[in-house]
Amino acid sequence: MNSLEVPAASTNTMYRKLQDEGQYRVSSISERHCWHRITHPRATKIAWSCTAIVLATLALLSLPDLSSLAWTTSPKRPYINTLYFFDKDRKKEPGDEFNWADITPSPPPIQWQPCYDNEFDCARLDLPMDWQQAEATNDSASGRRVILAIIRLRATVPSNNSDYRGPIIFNPGGPGGSGIWSLRDHGRDLQTIVGTNHDIVSWDPRGVGASIPRIDCWASTQDRVYWDLQDPGVIDAHEGTVYDAYARAAAYSLVCERNLEASGILEHSSTLYHARDLLAILEGMGEEKLKYWGFSYGTVLGGTFAVMYPDRVERMVNDGNVDYEEWHNGTYINFLHDTDKVMEAFYTFCHSAGPDRCSFHASSPHAIKSRLDALLTKLRTHPIIIPLGQQSPSSDPTEPFHVPSLVTYSHIRRMLSTALYQPILRFPQIARVLASLEAGDALPYHQYTLSDIPPLPSSPTTCQADDTEPIQPPPFIPFEEESNPDVSSAVMCSDAAPFTSSPHDFAQYAKQLLNISSAAGAVQASFRLSCAGRTIRPRWQPLNFTSAFEDVATAHPVLFINNEFDNVTPLVSARKNAKGFKGAKVLVQRGSWGHTSLASPSFCMAKVVRKYFREGEMPEEEEECWGDQVPFGDEDADMEKRVEGSGEGDAGGDGDGELRRAVWRLSRRRSIFGRL
């Protein structure tokens with residue numbers, strides 16, 4: 001689950017497999033892309049330029065997003081260990097650049113090959129789009145395929161070693177989160193927590209990243225940019241915004257369904273399909289039972305898998321728990337249960353830290369809140385302008401802005417909502433931004449929001465195609481991204497009951513959320529709204545979740561983890577979910593604020609997770625771990641010294657010192673999407 005689900009550029013869309021030619025052709029949507037008419041080198045260059053435009057724009061104008069069950073039978077397959085079927089010493093030639101197109105898709109078993117400078121193994125798995133008609137012929141409508149991109153970080157011991165513990169699959173959340181991006185970004189730290197004698201495996205779910213067909217609602221990058229430039233702001237920005245937001249959401253749904261109807265992917269994007277894909281990945285690796293760690297939406301996927309295939313659960317950690325029942329009935333009220341408590345931590349710890357560590361300090365927590373309220377009130381009527389020619393927060397400090405820029409009330413509301421996901425990392429940064437805005441200086445805001453986004457291109461015509469070059473479809477270029485917001489909407493709307501609220505109904509719902517959370521209600525109300533106007537329903541109809549989710553007996557008990565104060569997946573959700581599974585326990589990370597346990601480092605939590613995966617050890621009752629840091633704390637320097645000088649790590653990287661380093665590094669990883 002993730003707020004500010006900022007989409008990267010939509011440079012390639014759907015590719016369908018031509019069985020008779022063994023190739024891929026570009027769909028009618030991608031034939032309209034602004035870069036379709038140009039050759040590969042220019043296409044790549046233009047795609048990156050377009051990516052910079054859309055990321056920069058949507059960092060300022062992005063909408064929030066959080067961040068699922070029918071029975072099926074799986075064919076009996078022999079469990080073949082394909083973990084190391086290839087020569088592990090085989091190296092690619094120097095200078096070879098990895099391209100997902102170089103991997104030939106195949107049905108199970110998974111065919112691994114080295115990738116990304118031999119640091120990982122990759123595979124492309126050919127699976128049915130419609131699992132309910134898995135044996136359909138390819139010339140029938142139900143015979144369409146999905147190709148999943150899968151990645152693995154190998155254990156430090158070979159698969160024939162007695163200490164080898166098999167693969168752990170993780171999902172980073174989303175629902176449109178990319179497992180490829182996440183494993184490459186912080187997979188080694190996750191592996192350190194669970195033990196380096198485990199492989200760590202993840203994948204791009206159907207519709208995401210390098211998996212095809214992609215779910216792209218827009219025919220071109222330019223279309224997406226133009227659409228997001230029309231964003232009306234958060235629902236309380238001004239009178240009537242709530243109704244503008246409703247109409248906008250309905251228009252977005254219409255575009256998505258029109259552009260993706262021919263592919264059939266929207267009918268096959270619910271969590272049921274992702275859970276069945278997960279089972280196929282498990283079986284494709286030659287494994288009978290699942291070891292799994294899911295974050296945010298990954299807890300919905302984990303819970304769904306556990307209900308569908310309870311006998312296949314060997315270990316399951318659900319971290320940062322979405323309320324399963326609310327997710328499926330589409331009410332989305334409970335998720336803001338503790339949001340204002342996280343915002344209150346900003347006031348409390350800023351005050352206790354003093355002016356040296358908190359730039360927005362005041363005489364009391366209440367005074368800090370009043371100071372922020374005054375700033376937001378002023379921004380409603382007086383947005384701050386960055387004039388034309390002022391220094392740009394690009395990689396080149398001499399590069400000026402080419403157009404004037406505004407910082408508005410809606411921008412700051414969204415910035416604050418995003419900061420609640422990672423308080424330890426972000427609170428000191430936004431304190432500096434808020435203090436500068438009070439003084440009329442908006443440049444620090446842009447530096448904060450654009451710090452991990454490529455520099456803006458200088459030409460306004462970057463995305464325009466050159467008609468003088470030969471007409472040639474671009475080759476398959478993997479689209480690596482942290483997350484895909486179009487997938488988030490597709491999955492959420494497929495999982496939930498049909499959206500039937502009128503504009504007036506939604507206005508009342510928005511008012512209810514504002515009353516629950518003054519800090520983020522105006523931002524998070526749009527989460528539910530993304531299903532307005534959706535008409536396409538999933539082919540695989542979910543069970544009634546309430547009746548299906550009763551006393552589920554998994555092969556091994558499920559471990560639920562939650563921060564004491566999580567801004568979008570509150571502790572009450574973890575406790576509620578755990579009641580549906582026999583023997584399940586909840587691990588509470590006390591004194592921790594933010595989304596998922598990784599937002600707040602806890603050495604204690606890491607040790608419990610490691611014991612669970614290694615030995616299956618479960619708490620006898622609800623267990624508690626304390627976080628190692630608080631927002632605005634002075635622990636950062638001390639923590640860095642401790643983890644660097646502990647000397648407790650062993651050669652395999654599994655000692656306490658290395659474990660402390662891993663949890664500390666994970667808490668310091670900034671995500672522009674507000675999730676880990």
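Computed from a predicted structure; not experimentally measured. (Residues numbered from 1 in each chain as written. Predicted model: local features only at pLDDT ≥ 70, side-chain atom pairs only at ≥ 80, totals over all residues. Heavy atoms only, no water.)

## Quick word on the environment of Arg660
And then number 1: In this structure, Arg660 sits in helix α20 (residues 656-667).
And then number 2: By relative accessible area, which is 27% here, Arg660 ends up partly exposed.
And then number 3: For Arg660 and Cys604, which are 56 residues apart along the polypeptide, the C-alpha to C-alpha distance reads 9.5 Å. (Helix = DSSP H or I, 4+ residues; strand = E, 2+ residues; numbered from the N terminus. Buried < 20%, exposed > 50% of the residue type's maximum accessible area, 1.4 Å probe, protein only.)

## Examining the pairing of strand β4 (residues 120-128)
And then number 1: With respect to burial, β4 is a largely interior element, 9 of its 9 residues being buried.
And then number 2: Note that strand β3 (residues 113-115) and β4 share 3 bridges and pair antiparallel. Across the sheet, residue Cys115 finds its bridge partner in β4, namely Phe120.
And then number 3: Between β3 and β4, which pair antiparallel and follow one another directly, the connecting turn spans 4 residues, one of which, Tyr116, has a positive phi of 50°.
And then number 4: Alignment of β4 against strand β5 (residues 145-153), held across 8 bridges, turns out to be antiparallel. For Cys122, the partnering residue across the bridge sits in β5 and is Ile151. (Pairing = 2+ DSSP bridges.)

## As for the side chain of Arg124
And then number 1: Tracing the sequence through the fold places Arg124 in strand β4.
And then number 2: Of the side chains with opposite charge, Asp102 comes closest to the buried, unpaired Arg124, at an N-O distance of 8.4 Å.
And then number 3: From its side chain, Arg124 meets the backbone oxygen of Trp100 in a polar contact 3.5 Å long. (Lys, Arg positive; Asp, Glu negative; His and termini not counted. Salt bridge = Lys/Arg side-chain N within 4 Å of Asp/Glu carboxyl O. Polar contact = N/O pair within 3.5 Å; in protein donor to acceptor, adjacent residues only side chain to side chain.)

## Describing the sheet that holds strand β14 (residues 623-626)
And then number 1: Across the sheet, which stays open at both edges, the 10 strands sit in the order β3-β4-β5-β7-β6-β8-β9-β12-β13-β14 with mixed pairing between neighbours. Either end of the sheet is taken by a strand with one partner, and the two such strands are β3 and β14. Here the strands of the sheet are splayed against their neighbours by 25° on average, with no regard to which way each runs.
And then number 2: Pairing of strand β9 (residues 313-319) with strand β12 (residues 559-565) involves 3 bridges; the strand directions are parallel. Bridged to Asn318 within β12 is Phe560.
And then number 3: Across the sheet, helix α17 (residues 571-578) touches β12 and β13 (585-593), and the angle it forms with β13 is around 175°.
And then number 4: In this fold helix α18 (residues 603-615) packs onto β6 (167-171), β8 (290-295), β9, β12, β13 and β14, with an angle of close to 160° to the strand it touches most, β9. (Axes fitted to C-alpha atoms, helices over the stretch in contact; angles between N-to-C directions. Contact = heavy atoms within 4.5 Å.)

## Some remarks on the pattern of salt bridges
And then number 1: Considering all chains together, one arrives at 30 salt bridges under this definition.
And then number 2: Residues Arg145 and Asp126 are paired through a salt bridge, measuring 2.7 Å at the closest nitrogen-oxygen approach. Of this pair, Arg145 sits in strand β5 while Asp126 sits in strand β4, and the two are 19 residues apart along the sequence.
And then number 3: Residue Asp126 is classed as buried on the basis of its relative accessible area, which comes to 7%.

## Quick look at helix α13 (residues 485-495)
Side chains three or four residues apart in an α-helix point the same way, a direct result of the helix having 3.6 residues per turn.
And then number 1: Across the 11 residues of α13, 11 count as buried, placing the element largely inside the fold.
And then number 2: Considered for burial, the residues of α13 that qualify are Pro485, Asp486, Val487, Ser488, Ser489, Ala490, Val491, Met492, Cys493, Ser494 and Asp495.
And then number 3: Where α13 is buried, its residues meet α3 (221-229), α4 (241-260), α5 (271-284), α6 (297-308), α7 (324-329) and α15 (521-529).
And then number 4: Between the side-chain oxygen of the N-cap and the backbone nitrogen of Asp486 there are 2.9 Å, and the N-cap of α13 in question is Asn484.

## Here we look at the packing of aromatic side chains
And then number 1: In total, this model carries 26 aromatic pairs according to the counting rule given.
And then number 2: Centroid distance Tyr273 to Trp540: 5.4 Å. Interplanar angle 80°. Geometry classified as edge-to-face. With Tyr273 in helix α5 and Trp540 in the loop between α15 and α16 (545-548), this pair connects stretches of sequence that are 267 residues apart. Just as Tyr273 is buried, Trp540 falls in that class too. (Phe/Tyr/Trp six-rings, centres within 6.5 Å; stacked < 30°, edge-to-face > 60°.)

## Looking at the packing of helix α2 (residues 179-194) against α18
And then number 1: In the contact formed by α2 and α18, the axes pass within 7 Å of each other and the chain directions differ by 70°. Accordingly, the angle class assigned to the pair α2 and α18 is roughly perpendicular. The residues of α18 that touch α2, namely those facing Thr192, Ile193 and Val194, are Ala606, Val609, Arg610, Phe613 and Arg614.
And then number 2: Looking at the contact of α2 with α18 residue by residue, the class counts come to 5 nonpolar, 1 polar and 2 charged. (Parallel < 35°, antiparallel > 145°, perpendicular 65-115°, else oblique. Nonpolar A, V, L, I, M, F, W, Y, C, P; charged D, E, K, R; others polar.)

## A few points about the state of the cysteines
Note: disulfide means a covalent bond formed between the sulfur atoms of two cysteine side chains.
And then number 1: This structure, assessed with the given rule, holds 5 disulfides.
And then number 2: Across the disulfide from Cys493 sits Cys531; the S-S distance is 2.1 Å. On the S-S bond that ties Cys493 to Cys531, the torsion sits near -100°, and the link is left-handed. With Cys493 in helix α13 and Cys531 in the loop between α15 and α16, the pair connects residues that are 38 residues apart, well separated along the chain.
And then number 3: Residue pairing for Cys604: its cysteine sulfur links by disulfide to Cys625, the two sulfurs lying 1.9 Å apart. Where Cys604 bonds to Cys625 through sulfur, the torsion about that S-S bond is close to -60°, and the disulfide is left-handed. On the criterion of sequence distance, the pair formed by Cys604 in helix α18 and Cys625 in strand β14 is long-range, its members being 21 residues apart.
And then number 4: Assessed through its relative accessible area of 1%, Cys625 is described here as buried. (Disulfide = S-S within 2.5 Å.)

## Description of the nonpolar core
And then number 1: By size, the foremost hydrophobic cluster in this structure holds 131 residues, and its most contacted members are Phe346 and Ile412.
And then number 2: Beyond its immediate chain neighbours, meaning those up to four positions away, Ile412 contacts Leu376, Leu379, Val407, Leu434, Leu437 and Tyr445. (Core = buried A, V, L, I, M, F, W, Y, C linked by side-chain atoms within 4.5 Å.)

## Remarks on the confidence of the model for the chain
And then number 1: Predicted confidence across the chain gives a mean pLDDT of 80, with 73% of residues reaching 70 or more.
And then number 2: Segment residues 454-475: pLDDT under 50, and 45 contacts once partners within four positions in sequence are set aside and those in other chains are kept. (pLDDT = per-residue confidence, 0-100.)

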